Structures are given as structure tokens and as C-alpha cells.
Amino acid sequence: MRFSGYYIPIILGLAGAATLPAVQSANAYVSVGIGISVPIAPPILPVYEQPPIPGPGYLWTPGYWAYEDIGGYYWVPGVWVRPPRVGVLWTPPYWGFEGGVYAFHAGYWGPHIGFYGGINYGFGYGGVGFDGGYWDRGGFRYNTAYNNFGGRRITNVYTRNVTNNVTINRTAFNGGPNGVQARATQAEMAAARDRHIARTEAQTRQMTAARRDPALRAAANHGNPAIAATARAGEFHGRGAVAAKDAAPAQEARAQARAEANRTAAHGEGSRGEANRSAQADRAQARAEANRTAAHGEGNRGEANRSAQANRTAHNDAIRDRANRSNADRAAHGTARNGQQHDRVAMAPQHTQTARGNAERQHTERQATARQQAPRAEARQAQHHAAMTPQQHRQVAPHPQAHQAMAQRAPHPAAAPHPQARPAAAPRGGGGGQPHAGGGGGQPHGGGGGDRQHR
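Residues numbered from 1 in each chain as written. Predicted model: local features only at pLDDT ≥ 70, side-chain atom pairs only at ≥ 80, totals over all residues. Heavy atoms only, no water.

**Q** Provide a residue-level description of the overall build of the protein chain, including the pertinent values.
**A** Counting secondary structure elements, the protein chain contains seven helices and 16 strands. Of the contacts formed within the protein chain by residues at least 6 apart in sequence, a portion of 62% connects residues at least 24 apart. Counting only carbon and sulfur atoms, one obtains 53% of the accessible surface of the protein chain, whose full area is about 27,700 Å². (Helix = DSSP H or I, 4+ residues; strand = E, 2+ residues; numbered from the N terminus. Contact = heavy atoms within 4.5 Å. Areas by Shrake-Rupley, 256 points an atom, 1.4 Å probe, with all protein chains shown as cover.)

In C-alpha cells:
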């Protein structure tokens, strides 16, 4: 089964009128796309009688073949139902041969009868339109020629037989080599554009009950269902349930359906057993192949491991060789540095002795230079003192107390005369008033102290 590309807009209606109190009170307008398709044609339509109408306000909806994946075709019995609102009529569903498959077109409620494939469902649905009655001023008028009242008092009626130019047959599908060759009229195409209302809750309940009843399977009843029509939705037992002509009793049909189901189940078990055995064989073969592949993979991994180990060994040897060469280079460099340090240590005493000799030589030279320059300095000083006047001598002479303090202080070793320096010549004259006269202790420059002071 697959979904068909054909869709019919389905729109739910509003509240019903007061003349139909039991009608569904409210529904929302919606658009519903439907259509399934199967490769097998539906069975022919069964022949059956219409059950009596339950009461005023009911409209007839003919039976049809439906389909589901599990079980295939099953018959949905015709039933009397209340319309969802005043003024709407029921367009039955039909099967159409399209693109090599049989597509299902769902029925709907609307203000006009649309195209239903030219299928002759009977009871006013002769293939085109509906002759079972019409709406008149809020109430439905029934045609006695196509409705079974069953002795009930229905006052809003009329009688009119209608002859349609439609071939009477029991084919349940339109198109294809053996289907009904009918095409939608202009009025039917216009009706397809009306607002539509989906099947009512009672119609859905009727279809669900049919799907659950194995006696209504085409595989069990061979096109002649034991329940072809009912007076009320879902009531498949009692006086309101009508069987198809030449149909086996419902009990026999159900027993046949159960037997068929058992055969199918047994065949399914056998098929599953064969499938299981085949699956087991496939799994065993897959395991063997996996083992061979694993063994081959182990061999490849072993070879790869050996090759990798050899590569690692060669790499490690190369690293060790480089390390050994580097160590040898560092050792040679260290030996050279040690030799240089040893040479520097060996030369250190020699450098020290040389430096000491240089220092002594420089000291001796400085002493000799000082001895050579000392007589000239003394001569210049003596000349300077000789040229000074007595008044100048008094100005530069130190205070007596300062002279006494300096005499008491021990002379600095650096001020002592050099052992080899010659003594300065004594100034001539001895007047007590002269600063360089010898002898008088009161004279500031008398005695040796004056010599040391002016040296």
C-alpha cells in the first residue's frame, strides 16, 4: 500500500439545525488530504437489502471496500446515519485505477453530490448524483422508491423512479481495463470545490468495527460479507444487521477467517523458521569470514610490529652513536681547557716574581730621583730665606705657643730627613733680633728645630 497523489479537501461543518436534534452539534472546518493506493483491485460489490430506517432525519450511506496492510480488503457495511448539518449530502468513496495502482478516494459531506467514480452503489446512488431524496426548507424529503421505511411513519416523502443511463454492474472501481469508464461532469467538478465535511463519528465507528471483524475480510467472505449493511452504526448483530446475498453465515465466515489466519500464521512460522535458518547460516558464514579476516589481520599486525621494532632499534642505535660522539667531543674540549688552566697556574709564580721585581726597580728609581733632587730644593729654600727681610721673617714665623706645641709633638716619620741628605748651611750673623740666629731659645728658629721646620 502507498499513499496516492490524489487528494480531496475535507472541511468539517458547523452546528446542525433544530430539525435534527441528534446531529453532531459542532465541527471545525478543516482540509484533510487522503488517498492510499494498492496494486490489487477491490472485489466486486456485494448484493444486499437495505435495512429499515431507524427514524426521521437519517440518511443512507452505502457500503464500500476499505483496505489495510494487515488483512487486505474488508467490507464496511452500509448504514443509516444523521448528517453533520442540515443541507448536506453524502458523496460515497470509491477506488480509481491511476498510474497502474488502485487509489482510494474518501467520501465526504457537502451541499452537492460530487463525483464517486460512476460506481452503482444502489439505493439512490446509481453512479451519478443521488436520487434518494433532497433537502426542502430545513427538512429532508425521502423518495420512497429508494428508501426502506420498514413500517415506520415517515411523513415527508415522495415517490419518483429515476432511470439513469448507467450500465448496471458490481464493479467497485473506476478506470483501468475492467473498471467503470465514467468521467466527472461539470456539476461534479464544481461540487469538488465546495466546502466538504469529513465522515461523522458514527461512520468512523462503523468502519472501525468492520476492520476488527474477521468475517468482513475479503479473504474470508470472498466478496460476500455476512454483514453487508446495518440499521445503526456498530450494531453488527440483531434484526438491524443484513447479510449479503449468497453470503455464508457470519459464524461460518468467521471460522473460515480464523482458519485462513491460522494458515497464514503457520506459513509465516514456516517462513520465519526458514528465515531463521538462513539467518543462522549467514551469521555462521559471517563469523567464519570475520575469523579469517581477524587471523589475517593478526599476521599483518605481527609483521607490522616486527618492522616497527626494527625501526625503533635502528633509531635508538643512531641516537646512541650521536650521544657517544658528542661525549667524546665534550671530553676533548674539557682536556684542552684543563691544559690551558694548567699553563696559567704554572706561569703564575713567574708572573708574580716579575711583578715584584718591577715594583722594587721602580721604588729604587724613585728613591734615586729623590736624592738627586734634594740638594737643589734645599739650595732654593736657602736662597729664599736669605732674600727675606727681618719684617718678612716675623710675619711668617709661627706663634711661640704653637712652636712649643709642635716641638713637643713627635715628628712624623715622613718629616725626618733622609740619612743621605746634606745639612743646610747656617745663616750668617748672630743678632738676637734675626730670626735665624743660633743659640737663643727665645728665637723661633734657633737650634735644630728651626732646621727641621724650614727643610
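Following the structure, the description resumes.
**Q** I'd like a description of the sheet that holds strand β3 (residues 59–61), backed by residues and values.
**A** Taken in spatial order, the four strands line up as β3-β6-β15-β16 in an open sheet, and their pairing is mixed. Each edge of the open sheet is held by one strand with a lone partner, namely β3 and β16 (241–242). Strand direction decides the pairing type here: strand β6 (residues 78–81) and strand β15 (residues 229–230), joined by two bridges, are parallel. Each bridged residue has a counterpart across the sheet, and for V79 the counterpart in β15 is T230. Of the strands in this sheet, β3, β6 and β15 are in contact with helix α2 (residues 201–212), which crosses β6 at around 155°. (Pairing = 2+ DSSP bridges. Axes fitted to C-alpha atoms, helices over the stretch in contact; angles between N-to-C directions.)

**Q** Tell me about the packing of aromatic side chains, and please be specific about residues and values.
**A** Aromatic ring pairs are reported here in terms of the distance separating the ring centres and the angle at which the planes meet. Taken as a whole and judged by the stated rule, the model has 20 aromatic pairs. A ring pair is formed by Y116 and Y121, whose centres lie 6.2 Å apart and whose planes are at 40°; its orientation type is tilted. Y121 matches Y116 in its accessibility class, with the two residues each being buried. Among the aromatic side chains, those forming a connected cluster through ring pairs are Y48, W60, W65, W75, W80 and F123. (Phe/Tyr/Trp six-rings, centres within 6.5 Å; stacked < 30°, edge-to-face > 60°. Buried < 20%, exposed > 50% of the residue type's maximum accessible area, 1.4 Å probe, protein only.)

**Q** Please give an account of the environment of F173 that cites residues and values.
**A** Among the secondary structure elements, F173 is positioned in strand β14 (residues 173–174). A relative accessible area of 7% places F173 in the buried class. Along the primary structure F173 and P42 are separated by 131 residues, whereas in three dimensions their C-alpha atoms are 7.1 Å apart. The residues touching F173, leaving out its near neighbours within four places in the chain, are A41, P42, W95, Y102, I119, N178, G179 and V180.

**Q** Could you give an account of the sheet that holds strand β11 (residues 133–136), naming the residues involved and the relevant values?
**A** The strand order across the open sheet formed by three strands is β11-β12-β13, and the pairing between neighbours is mixed. The open sheet terminates on both sides in strands that have one partner only, identified here as β11 and β13 (157–158).

**Q** Let's hear about the pattern of salt bridges: which residues, and what values?
**A** Evaluation of the coordinates by the stated rule reveals three salt bridges. R137 is the partner of D136 in a salt bridge, and the nearest nitrogen-oxygen pair spans 3.4 Å. For D136, a relative accessible area of 23% puts it in the partly exposed group. Accessibility expressed as a relative area gives 80% for R137, which makes it exposed. For E201, the salt bridge goes to R205, with nearest N and O atoms at 2.6 Å. Here the residue E201 and the residue R205 both occupy positions in helix α2, the gap between them amounting to four residues, near one helical turn. For E201, a relative accessible area of 47% puts it in the partly exposed group. (Salt bridge = Lys/Arg side-chain N within 4 Å of Asp/Glu carboxyl O.)

**Q** Go over the pairing of strand β12 (residues 139–143) with me, naming the residues and quoting the values.
**A** For β12, the tally of buried residues reaches four of five residues, placing the bulk of the element in the interior. Bridge count between β11 and β12: four bridges; the pairing is antiparallel. Pairing of G133 across the sheet is with Y142, part of β12. The antiparallel pairing of β11 with β12 creates a hairpin that spans two residues between the two strands, and R137 there sits at a positive phi of about 50°.

**Q** Requested: an account of the confidence of the model for the protein chain, with residues and values cited.
**A** Looking at the protein chain, the pLDDT average stands at 75 and 62% of residues meet or exceed 70. Residue range residues 423–455 is modelled with pLDDT below 50. Its contacts to residues more than four positions away, or to other chains, number 28 contacts. (pLDDT = per-residue confidence, 0-100.)

**Q** Could you give me a rundown of the side chain of N174, with the residues and numbers involved?
**A** Within the secondary structure, N174 is located in strand β14. Here the side chain of N174 touches V180 through a polar contact of 2.9 Å, landing on its backbone oxygen. (Polar contact = N/O pair within 3.5 Å; in protein donor to acceptor, adjacent residues only side chain to side chain.)

**Q** Before we move on, can you summarise the side chain of T171 with the specific residues and values?
**A** Mapped onto the secondary structure, T171 falls in the loop between β13 and β14. Taking relative accessible area as the criterion, T171 reaches 17% and is therefore assigned buried. Once residues lying within four places of it in the same chain are set aside, the contact partners of T171 are L45, I119, N178, G179 and V180.

**Q** Residues and numbers for α2, please.
**A** Between the first and last C-alpha of α2 there are 17 Å, a value that for twelve residues agrees with the 16 Å anticipated at 1.5 Å per step. Buried within α2 we find A202, Q203, Q206, M207, T208 and A210. (Expected span 1.5 Å × (residues − 1).)

**Q** Now, about the pairing of β6: what can you tell me, with residues and values included?
**A** Working note: regular strand, side chains alternate between the two faces of the sheet. The side-chain alternation of β6 yields two buried faces, one formed by G78 and W80 and the other by V79 and V81. In the sheet, β3 pairs with β6 via three bridges, with the strands oriented antiparallel. Looking at the pairing, L59 lines up with V81 of β6.

**Q** Mind laying out unusual backbone geometry, listing which residues take part and the relevant values?
**A** Even without a glycine there, the phi angle at F123 is positive, about 60°. Its place among the elements puts F123 in the loop between β10 (108–110) and β11. Phi is positive for H222, close to 55°, though the residue is something other than glycine. As for its placement among the helices and strands, H222 is situated in the loop between α3 (218–221) and β15.

**Q** Which residues make up the environment of I36, and what values do they have?
**A** Tracing the chain through its elements places I36 in strand β2 (residues 36–38). Residue I36 is classed as buried on the basis of its relative accessible area, which comes to 18%. C-alpha separation for the pair I36 and W95, spaced 59 residues apart in sequence, amounts to 9.5 Å.

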